[in-house]
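Residue-level listing of the chains:
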Amino acid sequence: DTAVSQTPKYLVTQMGNDKSIKCEQNLGHDTMYWYKQDSKKFLKIMFSYNNKELIINETVPNRFSPKSPDKAHLNLHINSLELGDSAVYFCASSQESYGRQGTEKLFFGSGTQLSVL
Amino acid sequence: GDSVTQMEGPVTLSEEAFLTINCTYTATGYPSLFWYVQYPGEGLQLLLKATKADDKGSNKGFEATYRKETTSFHLEKGSVQVSDSAVYFCAFFPLSGAGSYQLTFGKGTKLSVIP
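In this report, we go over the structure that sits alongside the text. (Residues numbered from 1 in each chain as written. Chains lettered and ligands numbered in written order. Predicted model: local features only at pLDDT ≥ 70, side-chain atom pairs only at ≥ 80, totals over all residues. Heavy atoms only, no water.)

**Observations concerning the sheet that holds strand 3 (residues 19–21) of chain B**
All names here are of chain B.
- Taken together, 4 strands build an open sheet; the order of strands is 3-9-8-7 and the sheet is antiparallel. Whereas interior strands pair on both sides, the edge strands pair on one side only; in this sheet they are strand 3 and strand 7 (56–59). For this sheet, the mean angle separating the axes of adjacent strands, direction not counted, is 15°.
- Where strand 8 (residues 62–65) meets strand 9 (residues 75–77), 3 bridges bridge the pair, whose relative direction is antiparallel. Bridging across to strand 9, Ala64 finds its partner in Leu75. (Pairing = 2+ DSSP bridges. Helix = DSSP H or I, 4+ residues; strand = E, 2+ residues; numbered from the N terminus. Axes fitted to C-alpha atoms, helices over the stretch in contact; angles between N-to-C directions.)

Have a look at this one:
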């Protein structure tokens, strides 16, 4: 069983479209994250949710909106896609928020490669 | 501000060569330190970690020692294999910050091991 699964694996779309990426974890973790990895492999956190509540919201355009219907799911919706949104998006989860322990490890999904044409 | 710096790649080694990937951090206090590995087409996986000074993390033949004197956490392996080809990320969890705690990654070092 995949611990953190995200779909789709590949997403190719036109500028201006709206798209969603789904993420589910079956680890019973309380915290989930979205990271963006650019073409140079640089990883940057976008959002973090703990028990369906937003706890980290980095400087991300408001075209990006995370939604957590329950603590096992954290979906990412992107409106009005732009060329610069092309990247690999990773979902991750951890047992606790990093704000509490600082030692927990993250479990990552295998990524969604988004290409905006 | 708090940050982590790791050596730029790519790094190409022959099988059984010795590997070192340097990582240094700038942070307040003594943060927990991590190495993550990303194999081709996959997400990141935790490779090893150390939570306090002088701790040594180890896994799959890789080691890294938390050195507070040099604020470093260099990754080493005595004999690399082709299967070690991946991108390696140094990361830390800063203890300071305006309540926005997050795992902070270095820029990644791509390792290619050739037979």
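**Structural notes on the side chain of A:Ser94**
Residue and element names in this part refer to chain A.
- Mapped onto the secondary structure, Ser94 falls in strand 9 (residues 87–94).
- For Ser94, the side chain forms a polar contact with the side chain of Tyr33, separated by 2.7 Å.
- When residues no more than four places from it in sequence are discounted, the contact partners of Ser94 are His29, Asp30, Thr31, Tyr33, Lys105 and Leu106. (Polar contact = N/O pair within 3.5 Å; in protein donor to acceptor, adjacent residues only side chain to side chain. Contact = heavy atoms within 4.5 Å.)

**Here's the deal with the pattern of salt bridges**
- Enumeration over the complete set of coordinates arrives at 6 salt bridges over all chains.
- A:Asp85 is the salt-bridge partner of A:Arg63, the closest N and O atoms lying 2.8 Å from each other. Of the two residues, A:Arg63 is situated in the loop between strand 6 (53–57) and strand 7 (64–70) and A:Asp85 in the loop between strand 8 (73–78) and strand 9; the sequence distance between them amounts to 22 residues.
- Residue classification places A:Arg63 among the buried residues on the basis of a relative accessible area of 13%.
- Using a relative accessible area of 3% as the deciding quantity, one classes A:Asp85 as buried.
- A salt bridge links B:Lys56 to B:Glu63; the shortest N-O distance between them is 3.6 Å. (Salt bridge = Lys/Arg side-chain N within 4 Å of Asp/Glu carboxyl O. Buried < 20%, exposed > 50% of the residue type's maximum accessible area, 1.4 Å probe, protein only.)

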